[in-house]
Amino acid sequence: PLVLQEQNSYAGVTNKLLAKKAAVICVAYDGMQRYFPARKIVKTGNPVRSDLLTIHKGDPQAYEYFGLSADKKTILVIGGSLGARTINQSIMAHMEGLSRSGVQFIWQTGRYYFEEARKAAENYQDSPLVVTDFISRMDYAFAVADVVISRAGAGTISELCLLAKPVILVPSPNVAEDHQTKNALALVNKEAALLVTDAEAKDKLVATALELIQQPEKMELLSENIKALAENDSAGRIAEQVLKILNR
């Protein structure tokens, strides 16, 4: 017996081929009957790290960990362990404006781009800007983040839904069938996220983030709408589907 889990809003080629033989297909998005037989689909969401469920927004320890102030708004920029080149270039292109904004930034660059980013930030050492190649305490990073800038991978989106974080998504163009753009649009179409394309990011990303963080009502709307898309205990629900088949 075969159980599939499709993490993205656009089904991958392999899962489409395997769907004919699958007993159950666990999905994370609505509308997946476009790709799979409706009778086989169970919406479970994507599994996420359990430590994210214990996050307390505004945790004083989290601000202390990053050396930031609880009295200022914070933007978290994440690009995955390898980093996201366009996001990093967008931040580097607007360092002057960031330093004058009064907003705090945690900038996770990825290891490939860390040295370049560190050098770009050297002239702004008095600014509340944390530059790091990797964040080991993502629970703390999310606890202090008022707005998140991120790629649109399925796992990250699932985490942001559970955490109800206002997010600006910059889909990677270097993925199969442009599935990150489709993931992002699934949220944008429900007013649950903002989207800045990779091509537009250098011109628009920082301005969009600084504009959003000054609009509490819009942030609240994004937070409420993305939270409505969250799926709890996805790992357990997928396991239940496997056990049902084993017990038949």
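See the structure above.
Residues numbered from 1 in each chain as written. Predicted model: local features only at pLDDT ≥ 70, side-chain atom pairs only at ≥ 80, totals over all residues. Heavy atoms only, no water.

**Looking at the pairing of strand E6 (residues 129–132)**
Condition: Relative accessibility under 20% of the residue-type maximum defines a buried residue, over 50% an exposed one, and the middle range a partly exposed one, all with a 1.4 Å probe and only protein chains included. Counting from the N terminus, the helices are the DSSP runs of H or I reaching at least four residues and the strands are the DSSP runs of E reaching at least two. The definition of a right-handed crossover adopted here requires that, viewed with the strands pointing away, the path from the first strand over the helix to the second runs clockwise.
Where burial is concerned, the two faces of E6 differ: the one with Val130 and Thr132 is buried and the one with Leu129 and Val131 is not. This β-α-β element, strand E5 (residues 104–108) to helix H5 (residues 114–121) to E6, shows right-handed connectivity.

**Here we look at the pattern of salt bridges**
Which entries qualify depends on this criterion: Here, a salt bridge means any side-chain nitrogen of Lys or Arg that lies within 4 Å of a carboxyl oxygen of Asp or Glu.
One pass over the structure, following the stated rule, counts 12 salt bridges. With its nearest N and O atoms 3.5 Å apart, the salt bridge here joins Glu231 to Lys43. Here Lys43 lies in strand E3 (residues 41–43) and Glu231 lies in the loop between helix H10 (216–227) and helix H11 (234–246), a separation of 188 residues in the sequence. Judged by its relative accessible area of 31%, Lys43 falls in the partly exposed class. The partner of Arg137 in a salt bridge is Asp139, and the shortest N-O contact between them spans 2.7 Å. Residue Asp139 is classed as buried on the basis of its relative accessible area, which comes to 12%. Shared partners join several salt bridges into a network, and the residues in it are Asp30, Lys43, Lys190, Glu231 and Arg237.

**What to know about the packing of aromatic side chains**
For the record, the criterion: Paired rings are identified among Phe, Tyr and Trp, the last through its six-membered ring, by centres lying within 6.5 Å, and are further divided according to the angle between planes into stacked (under 30 degrees), edge-to-face (over 60) and tilted (the rest).
With the rule as written, the count across this model stands at 3 aromatic pairs. Seen from their ring centres, Tyr10 and Tyr35 are 5.4 Å apart, and the 70 degrees between their planes marks the pair as edge-to-face. Within this pair, whereas Tyr10 is found in the loop between strand E1 (3–6) and helix H1 (13–18), its partner Tyr35 is found in the loop between strand E2 (24–27) and E3, the two being separated by 25 residues in sequence. When the ring of Tyr65 is compared with that of Phe66, the centres are 5.0 Å apart and the planes differ by 85 degrees; the resulting orientation is edge-to-face. The exposure class assigned to Tyr65 is partly exposed, which follows from its relative accessible area of 41%.

**Some thoughts on the side chain of Ser150**
What counts, and what does not: Two residues qualify as a contact provided that any one of their heavy atoms is within 4.5 Å of a heavy atom in the partner residue.
When you line up the elements, Ser150 lands in strand E7 (residues 147–150). Not counting the four nearest positions on each side in its chain, Ser150 is found in contact with Ile78, Ile87, Thr156, Val167, Ile168, Leu169 and Val170.

**Regarding the nonpolar core**
To be explicit about the condition: By convention a nonpolar core is built from buried Ala, Val, Leu, Ile, Met, Phe, Trp, Tyr and Cys residues, the set being connected through side-chain atoms within 4.5 Å.
If you look at the biggest cluster of nonpolar residues, it comprises 42 residues, and the most contacted ones within it are Phe66, Leu76 and Phe142. At the level of elements, E2, helix H2 (60–66), helix H6 (138–144), helix H7 (154–163), strand E8 (167–169) and helix H8 (179–188) are the ones that each hand at least two residues to this core. No other element matches the 6 residues that H6 contributes to this core. For Phe66, the residues in contact, after removing those within four places along its chain, are Ile106, Val130, Ile135, Arg137, Tyr140, Ala141 and Val144. With 29 residues, the next largest nonpolar core counts Leu98, Tyr124, Val147 and Ala201 among its residues.

**Regarding the sheet that holds E6**
Worth spelling out the cut-off: DSSP-based pairing: two strands are paired if at least 2 bridges between them are found. Only C-alpha atoms enter the line fits that serve as axes; for helices the fit covers just the stretch in contact. Angles between N-to-C directions range over 0 to 180 degrees.
Across the sheet, which stays open at both edges, the 6 strands sit in the order E6-E5-E4-E7-E8-E9 with parallel pairing between neighbours. Strands with a single pairing partner mark the edges of an open sheet, and in this sheet they are E6 and strand E9 (194–195). Across the sheet, helix H3 (residues 85–92) touches strand E4 (74–77), E5 and E7, and the angle it forms with E5 is around 145 degrees. Its contacts with the sheet place helix H9 (residues 201–212) against E4, E5, E7, E8 and E9, and it is angled at close to 165 degrees to E8.

**With respect to the environment of Asn232**
With respect to the element layout, Asn232 can be found in the loop between H10 and H11. Along the chain, Asn232 and Gly155 lie 77 residues apart, while their C-alpha atoms are 13 Å from each other. Apart from the residues within four sequence positions on either side, Asn232 is in contact with Leu162 and Arg237.

**Some points on unusual backbone geometry**
Positive phi, close to 55 degrees, is recorded for Glu177, a residue that is not glycine. Of note in the backbone geometry, Asp178 takes a positive phi value of approximately 50 degrees without being a glycine. Mapped onto the elements, Asp178 comes out in the loop between E8 and H8.

**A word on the packing of H3 against H9**
Here is the rule we go by: Should an angle lie under 35 degrees it is considered roughly parallel, over 145 roughly antiparallel, and from 65 to 115 roughly perpendicular; all remaining angles are considered oblique. Handedness of each helix crossing follows the sense of rotation of the near helix against the far helix: counterclockwise by less than a right angle gives left-handed, clockwise gives right-handed.
Two elements in contact, H3 and H9, have axes separated by 8 Å at closest approach and are oriented at 70 degrees. If you check the angle between H3 and H9, you find them roughly perpendicular. The way H3 lies across H9 gives a crossing that is right-handed. Together, Thr86, Ile87, Gln89, Ser90 and Ile91 of H3 and Ala201, Lys202, Leu205 and Val206 of H9 make up the contact between the two elements.

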